[in-house]
Amino acid sequence: MMILFNYLIFPGFLFAATVGLIAGWVDRKVTARIQWRKGPPWYQNFVDIVKLTGKETILPEGAGITFLLAPYLGLLCVVLAATILGMTLIFPSAGFTGDLIVILYLLVIPAIAMMIGAAASGNPLASVGASREMKLVLAYELPFLLSVITVIIKSQGAIRLGSVIVHQAASGPNIGSISGISAFIVCILCMQAKLGLVPFDSSEAEQEIMGGTLIEYSGLPLAIFRLTKAVLLYTTPLFLIILFWAGNLSAGSIIWKYIALLVIIILIKNTSPRVRIDQALGFFWGKAAILAAAAVILALAGK
Amino acid sequence: MNLKLRALTKSLWVFHAATSPCNNCDIEILDALTPRHDIERFGMVLAGSVRHADVLLVTGVPNYKTKERLKKLYSQAPKPCLVAAIGNCACGRIMFKDSYNSPCPVDEIVPVDVYISGCPPKPEAIIAGVVKLINKVTSSAKGT
Ligand code: SF4
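Residues numbered from 1 in each chain as written. Chains lettered and ligands numbered in written order. Predicted model: local features only at pLDDT ≥ 70, side-chain atom pairs only at ≥ 80, totals over all residues. Heavy atoms only, no water.

(A) Main features of the packing of helix α7 (residues 161–171) of chain A against helix α10 (residues 219–244) of chain A. All names here are of chain A. Remark: α7 packs on α10, axes separated minimally by 8 Å, with the N-to-C direction vectors making an angle of 55°. Considered as vectors, α7 and α10 are oriented oblique to each other. Contacts from L161, V164, I165 and Q168 of α7 reach α10 at F239, I242, L243 and F244. For the contact of α7 with α10, the class distribution of residues is seven nonpolar, one polar and no charged. (Axes fitted to C-alpha atoms, helices over the stretch in contact; angles between N-to-C directions. Helix = DSSP H or I, 4+ residues; strand = E, 2+ residues; numbered from the N terminus. Parallel < 35°, antiparallel > 145°, perpendicular 65-115°, else oblique. Contact = heavy atoms within 4.5 Å. Nonpolar A, V, L, I, M, F, W, Y, C, P; charged D, E, K, R; others polar.)

(B) View of the site of the ligand. Residues and elements named next belong to chain B. Lining the immediate environment of the ligand, one finds P21, C22, N24, C25, G87, N88, C89, G118, C119 and P120. If you list the elements that add at least two residues to the shell around the ligand, you get α2 (24–33) and α4 (87–92). Tallying contributions element by element places α4 first for the shell around the ligand, with three residues. Residues that form the shell around the ligand fall into these classes: six nonpolar, four polar and no charged. (Near = heavy atom within 4 Å.)

(C) Highlighting the pairing of strand β1 (residues 13–18) of chain B. Residue and element names in this part refer to chain B. Strand direction decides the pairing type here: β1 and strand β2 (residues 45–46), joined by two bridges, are parallel. Following the sheet pairing, W13 is matched in β2 by V45. Between the parallel elements β1 and β2, the chain passes through α2 in a crossover that is right-handed. (Pairing = 2+ DSSP bridges. Right-handed = clockwise from strand over helix to strand, strands pointing away.)

(D) Layout of the environment of N270 of chain A. All names here are of chain A. Relative to the assigned elements, N270 resides in helix α11 (residues 251–271). When the C-alpha positions of N270 and P92 are compared, they lie 35 Å apart, and in sequence the two are 178 residues distant. Every residue in contact with N270, bar those within four places of it in the chain, is listed here: T31 and I34. A distance of 3.3 Å separates a polar atom in the side chain of N270 from a polar atom in the side chain of T31. (Polar contact = N/O pair within 3.5 Å; in protein donor to acceptor, adjacent residues only side chain to side chain.)

(E) Layout of the pairing of strand β4 (residues 82–86) of chain B. Residue and element names in this part refer to chain B. Most of β4 sits out of view: five of its five residues are buried. The two faces of β4 match: L82, A84 and I86 on one face and V83 and A85 on the other face are all buried. Across five bridges, the pairing between strand β3 (residues 55–59) and β4 is parallel. Within β4, the residue paired with L56 across the bridge is V83. (Buried < 20%, exposed > 50% of the residue type's maximum accessible area, 1.4 Å probe, protein only.)

(F) Structural view of the interface of chain A and chain B. Taken together, the contact between chain A and chain B spans 30 residues of the former and 27 residues of the latter. With both chains or domains summed, chain A and chain B bury close to 2,300 Å², and 55% of this area falls on carbon and sulfur atoms. It is R37, K51 and K55 of chain A in chain A that bury the most area against chain B; as a group they hold 26% of the surface buried on that side. Between chain A and chain B we count six salt bridges in total. (Buried area = accessible area lost by both parts, 1.4 Å probe. Salt bridge = Lys/Arg side-chain N within 4 Å of Asp/Glu carboxyl O.)

(G) Quick look at the nonpolar core. Membership of the largest hydrophobic core comes to 91 residues, with the highest contact counts inside it found for F239 and L240 of chain A. Among the elements that make up this core, the one with the highest residue count is α10 of chain A (17 residues). Here F239 of chain A is in contact with L85, L100, I103, L104, L107, F144 and L161 of chain A, once residues within four sequence places are set aside. L56, V58, A90 and V110 of chain B belong to the second-largest nonpolar core, a separate cluster that totals 20 residues. (Core = buried A, V, L, I, M, F, W, Y, C linked by side-chain atoms within 4.5 Å.)

(H) Just the state of the cysteines, in detail. Residues and elements named next belong to chain B. Under the criterion given, the structure shown has zero disulfides over all chains. Summary of cysteine pairing: C104 is not part of a disulfide, and the nearest cysteine sulfur, belonging to C89, is at 14 Å. C104 gets classed as buried once you look at its relative accessible area, which sits at 7%. (Disulfide = S-S within 2.5 Å.)

(I) Main features of a nonpolar patch on the surface. Residue and element names in this part refer to chain A. Judged by side-chain polarity, M2, L4, F5, L8, I9, F10, L14, F15, I90 and F91 come together as a nonpolar surface patch covering roughly 920 Å² of accessible area. Listed by contribution, the elements that provide at least two residues to the nonpolar patch are α1 (2–8) and α2 (13–34). When residues in the nonpolar patch are grouped by element, the largest group, four residues, is from α1. With respect to the element layout, L4 can be found in helix α1. (Patch = residues over 30% accessible without salt bridge, like charges linked within 9 Å, V, L, I, M, F, W, Y side chains within 5 Å. Areas by Shrake-Rupley, 256 points an atom, 1.4 Å probe, with all protein chains shown as cover.)

(J) View of the environment of I58 of chain A. The topology assignment puts I58 of chain A in the loop between α3 (44–53) and α4 (65–90). For the pair I58 of chain A and P221 of chain A, spaced 163 residues apart in sequence, the C-alpha to C-alpha distance is 9.5 Å. Once you skip the residues sitting within four places of it in the chain, I58 of chain A turns out to touch F67, E216 and S218 of chain A together with R51, Q76, A77 and P78 of chain B.

Following this line, the structure appears as structure tokens:
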């Protein structure tokens, strides 16, 4: 019963989706202010979701049940990740060995769900989007995993989120060291790609391939994809806070750290153009991976 | 009035369907999307794919080719989908009425919900037209 409550209400689906949708509104509002506009009201993202549930769901010719089920796969997994992270924050000792690895896997699944759905739709532009998404995942996972390895090394090989937190509470947040801060910077860039935001939004490029992976989705499945994005916008920054910035874990400090990360995400989004997929691949496997590898070596040297 | 319909009026995603206009109307639509007029404050955004569309903004006089395309676009859009005819061309074909390549006006192809006249209509007129569209949806929902 308690598990169901945790999964569906707090800190799982309802809470994560609400925070994520409001964060999405902050993003839209700040973007509007940067462009000297007024921007939408605070409930805009909720209204969008409600509206989408009321629209017809179109099943394109030749698309099967996979097309309809793919969005749920992504949402279920990312909500599970949000629940595990939230529970770890509340009770650092509640986790299980290896939950860090589980989270890493769960956070990739939304991207995979998107690829499956796009490929199932049979639309050529969607398959372009899916192939870009796949390359993007391959690109950012390498530096992301290297940065996470840095954290694991720094906390004496612990692969439990609870021990990562306890270690940081004892000996200062990981972000305070050279290796920690370089891994953190790499992670922020990877997060931008994970969230599918500019400059790494080529898989969904509205102006170029008309929504890419989402092109054939309408109605409820589209709403589920948007919810997935919203929950991801809550989960990924939280994951980074736990990994790198978990010195003080009172509610207030988590909130301001989350807002700080959100500001960074929005600033990157608004000040950069979209990069081509080959540029993204080159960037992540080149500069970002080198920085992350340097962080691993520094961490091994104890810096 | 039901919640989903109310949400629809607060979050109209527009899709731009140009059926051979002279392009002036399209430029005015883009004007309405610029920061100066900022229709995102009403929750309207430009949709890239017709599957995400709530309103089709139709401009121009349909000819034999674009007529079929418009029909197809309308059938591809998820219902409820509204149609706004923008510009005198889309409203009533003006001087192209007797043209050899103009088979029929827009409202004989798809059901038009609001006519926004002008050649081209100003962005203010387009926004006023969309407000009329919203009022129409709300009042028809109250009526039933
Ligand atoms: S109404 Fe006027 S401006 Fe608009 S497409 Fe027709 S001719 Fe061009």
